[in-house]
Amino acid sequence: LLVNNAGVAAGGPTHELSVDDFDHVMRVNVTGPFICARAAVKKMRASGKGGRIINIGSLSAISPRPSSAPYTTSKFALAGLSQCLALDYRR
């Protein structure tokens, strides 16, 4: 079982956010779960028993809030990652 539950946010008007702010949110909220899921899938497949991956998302993935571009973008991406993992590894 893998539970990806880390998350950070950087808020404010998009034109005031730095690329570093955006990148930090994406690395924690999307790249981190991707790296963990990739490692977990390898172990789950090697065990022959399968397993479960739970990615904790946010309502922001379906209902964006003002001044939350990095966070909302990351939660849309996490939802997409979750769907891709489900398609790639379902039984």
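Residues numbered from 1 in each chain as written. Predicted model: local features only at pLDDT ≥ 70, side-chain atom pairs only at ≥ 80, totals over all residues. Heavy atoms only, no water.

Draft legend 1. Up close: the overall build of the chain. Helices and strands together make up the secondary structure of the chain, namely two helices and two strands. When the helices and strands of the chain are listed from N to C terminus, the series reads β-α-β-α. For the chain, restricting intrachain contacts to residue pairs at least 6 apart in sequence, the fraction spanning at least 24 positions comes to 60%. Of the roughly 6200 Å² that the chain leaves accessible, carbon and sulfur atoms contribute 58%. Each charge class in the chain was averaged separately, 11 positive and 5 negative side chains, and the resulting centres sit 23 Å apart. (Helix = DSSP H or I, 4+ residues; strand = E, 2+ residues; numbered from the N terminus. Contact = heavy atoms within 4.5 Å. Areas by Shrake-Rupley, 256 points an atom, 1.4 Å probe, with all protein chains shown as cover. Lys, Arg positive; Asp, Glu negative; His and termini not counted. Charge placed at Lys NZ, Arg CZ, Asp CG, Glu CD.)

Draft legend 2. Focus on the environment of Gln-83. Along the polypeptide, Gln-83 turns up in helix 2 (residues 69-89). A relative accessible area of 56% means that Gln-83 is categorised as exposed. (Buried < 20%, exposed > 50% of the residue type's maximum accessible area, 1.4 Å probe, protein only.)

Draft legend 3. Region of interest: helix 2. In this model, helix 2 (21 residues) spans 30 Å end to end at C-alpha, consistent with the 30 Å of a helix rising 1.5 Å per residue. Of all the positions in helix 2, only Pro-70, Thr-72, Ser-74, Lys-75, Leu-78, Leu-81 and Leu-85 are classed as buried. (Expected span 1.5 Å × (residues − 1).)

Draft legend 4. Quick peek at the environment of Arg-45. On the secondary structure map, Arg-45 appears in helix 1 (residues 19-47). With a relative accessible area of 61%, Arg-45 lands in the exposed category. Along the sequence, Arg-45 and Asp-21 sit 24 residues apart, while their C-alpha atoms lie 35 Å from each other.

Draft legend 5. The arrangement of the environment of Gly-50 in detail. Positionally, Gly-50 belongs in the loop between helix 1 and strand 2 (53-55). Residue classification places Gly-50 among the partly exposed positions, given a relative accessible area of 24%. Residues Gly-50 and Arg-91, spaced 41 residues apart in sequence, show a C-alpha to C-alpha distance of 9.2 Å. In this view, Gly-50 contacts Met-44 and Arg-91; residues no more than four positions away in its chain are not counted.

Draft legend 6. Representation of the nonpolar core in the model. Counting seven residues, the largest nonpolar core is built from Leu-2, Ala-37, Ala-40, Met-44, Leu-78, Leu-81 and Leu-85. For this core, the secondary structure elements donating two or more residues are helix 1 and helix 2. Beyond its immediate chain neighbours, meaning those up to four positions away, Ala-37 contacts Leu-2, Ile-53 and Leu-85. (Core = buried A, V, L, I, M, F, W, Y, C linked by side-chain atoms within 4.5 Å.)

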